[in-house]
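Geometric and topological summary
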Amino acid sequence: MLHFQHTYYLYGLALLPAFGYLFYLVLSWKKRVRTRIGDPALVDQLTRNYSPRNFAIKFGLALAALVLMILGLANLQHKTGGKVNRKGLDVMILLDVSNSMLAGDLQPSRLARAKQVISRLLDDIPDDRVGLIIFAGHAYLNMPLSSDHAAAKMYLDAASPASAPTQGTSIGEALQMAQTMFNNKEKKYKAAILITDGEDHDENAPKVAEQLRGEGVVLHTIGLGSPTGAFIVDPSTGENKKDAEGNAVVTKLNQSLLQDLAGKTGGTYQLYDNTDAVVGNLEKSLNDMGGQSYEDDNFAQYDSYFFYFLWGALVVLLVEWCIPEKRQKPVAV
């Protein structure tokens, strides 16, 4: 079946009427100029070698080349390979990118260790569809559920406190966003992984966890940091962050909240100790949930035909360039 890969380029075809109107304006302008000159005989003599027909042909060819280039950019494709059958879970990963994740009680930082866990997990669950949500004061969807783990790693690498303009730790909002990403008709084979220090007690989070359990979502939580607390280092200055009174800010791990959230859905809580242990436990928990069969379209193969359109546009432009606006044989006076 033929289809265009980048359909948004086809909106460029909407420019064609505008170019047609521009051509009409140019013809009107030429007509007004002829009228201003005055004497029709003199005008005919001055423009005797000009070819209105060639001018119209050149415009039509330029317009045709534009159409071909737009179609080339849209890339007409034909699918040659079928979908791949897979069996796995739908897994939404919720990553805390608040400033407190820059604390140094885990080296080089809590956030760096969290990214390491996620990256390793993505390698170990190749058949699961994954999505990524980052959150601080608000939650932001980085990637919906997809089997494209390479894209997930790309978004993961870019995640930082700068990705979330509003600071804080809005776990409840992140859980609500994850809830909307799942198929609410399916009551199993769905998991969410929350990786945070859980510093701020979010009163809404336990309520959302109850809703997740009702929809068959199992929430696994991972706590990063220490209950005794640590300073937050500003990466731009290398100094500890301070509050309005000039005191160094201390961030503490809220284990009780994370344990409560996981318990409400039948999930597990882990205190981060080392990456291998955390990923191994997560992988086992996910494998125990089984999986559903689905068709993955990401590995289908396509034949692309964009180059035919681009070559056609080049040929049309060459023909347009070779056509003169003047008549090849001057008209005798």
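Sequence order sets the numbering: in each chain, residues are counted from 1 along the sequence as written. In keeping with the predicted nature of the model, local features appear solely for residues at pLDDT of at least 70, side-chain atom pairs appear and are counted solely at 80 or more, and the whole-chain, interface and lining totals rest on all residues. To get the side-chain values, all heavy atoms of the structure are used, and hydrogens and water are removed first.

1. Details of helix H6 (residues 171–181)
- Classification of residues uses two cut-offs on accessible area relative to the type maximum, computed with a 1.4 Å probe and protein chains only: under 20% is buried, over 50% is exposed, and between them is partly exposed. Starting at the N terminus, helices and strands are each numbered in turn, a helix being any DSSP run of H or I of at least four residues and a strand any DSSP run of E of at least two. Among all positions in H6, only Ile171, Gly172, Ala174, Leu175, Ala178 and Gln179 are buried. Mapping the buried residues of H6 onto a view down its axis gives an arc of 160°, with all of them on the same face. The arc in question is formed by the directions pointing from the helix axis toward the C-beta atoms.

2. Describing the packing of aromatic side chains
- A pair of Phe, Tyr and Trp rings is counted when the ring centres sit within 6.5 Å of each other, with Trp represented by its six-membered ring. The angle between the planes then sorts it: under 30 degrees is stacked, over 60 is edge-to-face, the rest tilted. This model, assessed by the stated rule, comprises 7 aromatic pairs.
- Measuring from centroid to centroid gives 5.7 Å for Phe23 and Phe55, while their planes differ by 20°, and the two rings are stacked. Here Phe55 lies in helix H3 (residues 52–74) and Phe23 lies in helix H1 (residues 16–37), a separation of 32 residues in the sequence.
- The buried category is assigned to Phe23, whose relative accessible area is 16%.
- Overall, Phe55 belongs to the buried group, its relative accessible area being 14%.
- Measuring from ring centre to ring centre gives 5.6 Å for Phe306 and Phe307, while their planes differ by 80°; the resulting arrangement is edge-to-face.
- Phe306 sits in the partly exposed class, given a relative accessible area of 34%.
- By relative accessible area, Phe307 is classed as partly exposed at 33%.
- These aromatic residues form a ring-pair network of at least three members: Tyr305, Phe306, Phe307 and Tyr308.

3. As for helix H5 (residues 149–158)
- Among the residues of H5, His149, Ala151, Ala152 and Leu156 are the ones counted as buried. Across the axial projection of H5, the buried residues extend over an arc of 155°, all falling on one side. Across from the buried face of H5, at angles greater than 90 degrees, the exposed residues are Ala150, Met154, Asp157 and Ala158.
- Any two residues whose heavy atoms approach within 4.5 Å are treated as being in contact. On its buried face, H5 is in contact with strand E4 (90–96), helix H4 (110–124), strand E5 (129–135) and strand E6 (139–146).

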